[in-house]
Amino acid sequence: QVQLLESGGGLVQPGGSLRLSCTASGSIFSSETMGWYHQAPGKQRELVATASSGGTTNYADSVKGRFTMSRDNAKNSVYPQMSSLKPDDTAVYYCYATIQIWGRLGYQAYWGQGTQVTVSS
């Protein structure tokens, strides 16, 4: 059993900052990619940023220079630090992870339930 627990969402003013957190728990042998997607009203879910277990990060063009991904492999956690937030960043943010379960071969994809981020004055 694997669960992705998310926190850190909320209401912030334009130009403000927010730090999200996602922690994977359960029968985890290893995790490879962990990251975040978001979905705004009327739009499809889109990639925001990812971080591999080796430290490689990848960002969507819309957040480059504003979002920074940090990862703690020992805790199976990932933390996007979001700054200079804009109203267009308003969306539900979902944690994503590829995880290998103890005793099984290969990796499987897991999703969190989502946390709301609202940027508005």
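Scope of this entry: the structure provided in the associated data block. (Residues numbered from 1 in each chain as written. Predicted model: local features only at pLDDT ≥ 70, side-chain atom pairs only at ≥ 80, totals over all residues. Heavy atoms only, no water.)

Here we look at the packing of aromatic side chains
Part 1: Across all of its chains, the model carries 4 aromatic pairs by this definition.
Part 2: With centroids separated by 5.6 Å and ring planes inclined at 65°, the aromatic side chains of Tyr-37 and Tyr-96 adopt a geometry described as edge-to-face. In this pair, Tyr-37 sits in strand E5 (residues 28–39) while Tyr-96 sits in strand E10 (residues 91–101), placing the two residues 59 residues apart along the sequence.
Part 3: Exposure remark for Tyr-96: the relative accessible area of 16% places this residue in the buried category.
Part 4: These aromatic residues form a ring-pair network of at least three members: Tyr-37, Tyr-96 and Trp-111.
Part 5: Looking at Arg-45, its charged tip hangs above the ring of Tyr-94, at a distance of 3.7 Å from the centre.
Part 6: Across the ring face of Trp-111, the terminal group of Arg-45 is positioned such that the distance to the ring centre comes to 4.8 Å. (Phe/Tyr/Trp six-rings, centres within 6.5 Å; stacked < 30°, edge-to-face > 60°. Helix = DSSP H or I, 4+ residues; strand = E, 2+ residues; numbered from the N terminus. Buried < 20%, exposed > 50% of the residue type's maximum accessible area, 1.4 Å probe, protein only. Lys NZ or Arg CZ within 6 Å of the ring centre and 35° of its normal.)

Considering the pairing of strand E4 (residues 21–26)
Part 1: Bridge count between strand E1 (residues 2–7) and E4: 6 bridges; the pairing is antiparallel. Looking across to E4, one finds that Leu-5 is bridged to Thr-23. (Pairing = 2+ DSSP bridges.)

Brief notes about the side chain of Ser-21
Part 1: Within the fold, Ser-21 resides in strand E4.
Part 2: The residues touching Ser-21, leaving out its near neighbours within four places in the chain, are Leu-5, Glu-6, Ser-7, Trp-36, Val-78 and Tyr-79. (Contact = heavy atoms within 4.5 Å.)

What to know about the pairing of strand E12 (residues 115–119)
Remark: a regular strand shows side chains that alternate across the two faces of the sheet.
Part 1: Side-chain alternation along E12 places Thr-115, Val-117 and Val-119 on a buried face and Gln-116 and Thr-118 on a face that remains uncovered.
Part 2: Where E10 and E12 come together, 3 bridges link them in antiparallel fashion. Paired with Ala-91 across the bridge in E12 is Val-117.

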